[in-house]
Amino acid sequence: MTSLDKSTDVATLGHGDAPLLEVDDLYVEFHTRDGIAKAINGVSFHLEAGETLAVLGESGSGKSVTAQAIMGILDMPPAVVPRGAVRYAGRDLLTMSPKERRKIRGPEISMIFQDALSALNPVFPVGWQIAEMFRVHKGMNRRDAQAEAIRLMERVQIPAAKDRVRSYPHQFSGGMRQRIMIAMAIALNPRILIADEPTTALDVTVQAQIMALLQEIQEESGMGLILITHDLGVVADVADRIAVMYAGRIVESADVLPLYADPAHPYTEGLLASIPQLEQKGKELYAIKGLPPSLLRMPDGCKFNPRCSRAQDICRTDDPELREVVPGRWSRCHFAEEVLGD
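Right, let's walk through the structure included here. Values in this document were obtained by computation on a predicted structure and should not be read as measured data.

Considerations on the side chain of K63
Checked against the element boundaries, K63 lands in helix α1 (residues 63–71). Among buried charged residues, K63 stands out as having no salt bridge; its nearest opposite-charge side chain is E197, 4.3 Å away. A polar contact of 3.0 Å, which involves the side chain of K63, links it to the backbone oxygen of E58. Sequence-distant contacts of K63, defined by excluding residues within four places in its chain, comprise V55, L56, G57, E58, E197, I228, T229, H230 and M245.

So this is what it looks like as structure tokens:
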């Protein structure tokens, strides 16, 4: 078993000596007028080719900041990365020059943003925006690049792609805009795709279509997929592993089926309990009490203890490590074995 620094979160271990992506003891801070907001606090995980890792948690848990740190798109300042490494195929992205990072971002690691309307430029046709990937990175002329844009729009199932290649973002529905974002993200055949809340604000039917499309593309290309979401229902059928984040840390990690069947952390337990069930018709829906902690003023001990119904005195004074409680199951809870046993 690999020895671990006590401050390090480990989403999972093993699965080969050279993972496609390895995030190691990552910290991210934001220096503000009110103080230092500690957004990411020792996060570690890895991703293999062809694997889907779902990163779950409430808004403010650090999911998107982690993705932005991997992509190298944090605004610095106010963001600072005081510690950690992000290794892609063995190379630390955090030590690369901006020019080197640009060669990786897009062709090797790509990202789908959660708000397609904001991410797309409103003053350029969608075909022009997709084609730009080929003009900039492949040196294609305008005609060939547009032909590639049409091909990709057809690939992500945009109806009448040849006619709509000159349409603007506002002329598409939310689901179609998300498909355009996917087309841009996969244009250069990246080895890693990060999807940040790809189904936000979409109805259930469209959500299922988008997730099915991502699965299909992944199966064709063998890329690794990091799926960032707060919706446990979205990832139930697509994820291989899940890392649950709270207050900038991973508090639980496991393969998807064991985690859903028997969570090992009270926070995960609460998230699962909050999923609406058919038998709850007419009953009040469960919600985790309280709010996530301020990143400027974290509580002592376990960061979840003010909201935890299982909290005891040790939880208010001692910050638990992320530890392997049973093979393949990692939890940051003093009483993880009891949570599993319930």
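Next comes the rest of the description.
Focus: the packing of helix α4 (residues 126–138) against helix α7 (residues 174–186)
Where α4 meets α7, the closest approach of the two axes is 8 Å, and the angle between their N-to-C directions is 20°. If you check the angle between α4 and α7, you find them roughly parallel. When the axes of α4 and α7 are compared, the crossing they make is right-handed. Contact residues: V126, Q129, I130 and M133 in α4; I180, A183 and M184 in α7.

Digging into the packing of aromatic side chains
In total, this model carries 4 aromatic pairs according to the counting rule given. Aromatic side chains F124 and W128 sit 4.3 Å apart centroid to centroid with 15° between the ring planes, which places their arrangement in the stacked category. Considering the side-chain rings of Y246 and F304, the 5.2 Å spacing of their centres and the 85° angle between planes classify their relative orientation as edge-to-face. Placement of the pair is Y246 in strand β9 (residues 241–246) and F304 in the loop between α11 (266–273) and α12 (313–317), with a sequence separation of 58 residues. In this structure, Y246 and F304 share a single accessibility class: buried. Connected via pairs of aromatic rings, a cluster forms that spans Y246, Y267 and F304. The positively charged end of R135 is found above the aromatic ring belonging to W128, 4.5 Å away from the centroid. Looking at R164, its charged tip hangs above the ring of F172, at a distance of 4.0 Å from the centre.

Remarks on the pattern of salt bridges
If you walk through the whole model with that rule in mind, you get 14 salt bridges. The partner of R155 in a salt bridge is E216, and the shortest N-O contact between them spans 3.1 Å. With R155 in helix α5 (residues 142–155) and E216 in helix α8 (residues 204–221), this pair connects stretches of sequence that are 61 residues apart. When its relative accessible area of 33% is taken as the criterion, E216 is described as partly exposed. Linking E337 and R323 is a salt bridge whose minimum nitrogen-to-oxygen distance equals 2.8 Å. One end of the pair, E337, is in helix α13 (residues 336–341); the other, R323, is in strand β11 (residues 323–326), with 14 residues separating them in the sequence. Of the residues examined, R323 reaches a relative accessible area of 28% and is grouped as partly exposed. Sharing partners across several salt bridges, the network here consists of E22, D24 and R87.

The rules behind the values
- Residues numbered from 1 in each chain as written.
- Predicted model: local features only at pLDDT ≥ 70, side-chain atom pairs only at ≥ 80, totals over all residues.
- Heavy atoms only, no water.
- Helix = DSSP H or I, 4+ residues; strand = E, 2+ residues; numbered from the N terminus.
- Buried < 20%, exposed > 50% of the residue type's maximum accessible area, 1.4 Å probe, protein only.
- Lys, Arg positive; Asp, Glu negative; His and termini not counted.
- Salt bridge = Lys/Arg side-chain N within 4 Å of Asp/Glu carboxyl O.
- Polar contact = N/O pair within 3.5 Å; in protein donor to acceptor, adjacent residues only side chain to side chain.
- Contact = heavy atoms within 4.5 Å.
- Axes fitted to C-alpha atoms, helices over the stretch in contact; angles between N-to-C directions.
- Parallel < 35°, antiparallel > 145°, perpendicular 65-115°, else oblique.
- Left-handed = near helix turned anticlockwise from the far one by under 90°.
- Phe/Tyr/Trp six-rings, centres within 6.5 Å; stacked < 30°, edge-to-face > 60°.
- Lys NZ or Arg CZ within 6 Å of the ring centre and 35° of its normal.

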